[in-house]
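Working through the structure, step by step
The primary structure of each chain is shown beneath.
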Amino acid sequence: MKIGVAICYDVRFPELSLLLSGQGAQLLCIPGAFNMTTGPAHWELLMRARALDNQMYVAACSPARDPDGSYVAWGHSMVCNPWGMVIAEADETEQIVYAEIDLERLREVRQSIPVTKQKRSDIYAVTVADS
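Here's a quick rundown of the structure. (Residues numbered from 1 in each chain as written. Predicted model: local features only at pLDDT ≥ 70, side-chain atom pairs only at ≥ 80, totals over all residues. Heavy atoms only, no water.)

**Details of the overall build of the protein**
Broken down by element type, the protein carries four helices and five strands. The helix and strand sequence of the protein, counted from the amino end, reads β-α-β-α-β-β-β-α-α. Its C-alpha atoms give the protein principal-axis dimensions of about 55 × 50 × 20 Å. Taking all 131 residues of the protein together, 31% fall into the buried category. Of all intrachain contacts in the protein linking residues separated by at least 6 positions in sequence, the fraction that spans at least 24 positions is 59%. (Helix = DSSP H or I, 4+ residues; strand = E, 2+ residues; numbered from the N terminus. Buried < 20%, exposed > 50% of the residue type's maximum accessible area, 1.4 Å probe, protein only. Contact = heavy atoms within 4.5 Å.)

**Some remarks on the pattern of salt bridges**
In total, this model carries five salt bridges according to the counting rule given. Note that Glu44 and Arg48 form a salt bridge whose closest N and O atoms lie 3.6 Å from each other. Placement of both Glu44 and Arg48 in helix α2 (residues 38-54) is noted, with a separation of four residues, approximately one turn of the helix. With a relative accessible area of 33%, Glu44 lands in the partly exposed category. Residue Arg48 is classed as partly exposed on the basis of its relative accessible area of 29%. A salt bridge links Arg50 to Asp53, with the nearest nitrogen and oxygen atoms 2.7 Å apart. Of this pair, Arg50 and Asp53 both sit in helix α2, three residues apart, roughly one helical turn. A residue is classified by how much of its surface remains accessible, and Arg50, at 7% relative accessible area, is buried. Taking the relative accessible area as the measure of exposure, Asp53 reaches 40% and is therefore partly exposed. (Salt bridge = Lys/Arg side-chain N within 4 Å of Asp/Glu carboxyl O.)

Written out as structure tokens, the structure reads:
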């Protein structure tokens with residue numbers, strides 16, 4: 001299995017996970033500590049998006065929430081499958097998250113919607129007209 005690694009804020013930039021996927025990554029591991037503002041709004045959404053965009057598993061690990069700490073993390077470590085679904089998730093407490101990484105399922109998803117094979121990089125260019 002090929003594993004890519006990104007950290008916290010990296011998940012907001014789809015280009016990095018796209019590059020890792022292009023290098024053959026099947027699982028993207030993302031340690032991160034979203035706070036109580038960005039966590040509820042963006043944590044799950046971004047992890048699912050990166051899994052779906054790149055048809056790979058995403059394992060996102062977060063510190064458990066400590067309301068008395070100097071930084072209060074959202075928590076909610078999770079694993080998403082290549083279909084963009086959360087297949088395992090912790091709450092805000094300290095936990096171990098277990099999930100099966102099914103490489104046959106990954107192959108099936110990539111075969112059923114072969115976005116990497118059908119991608120047309122040659123037509124994605126922005127042209128600015130002279131003014």
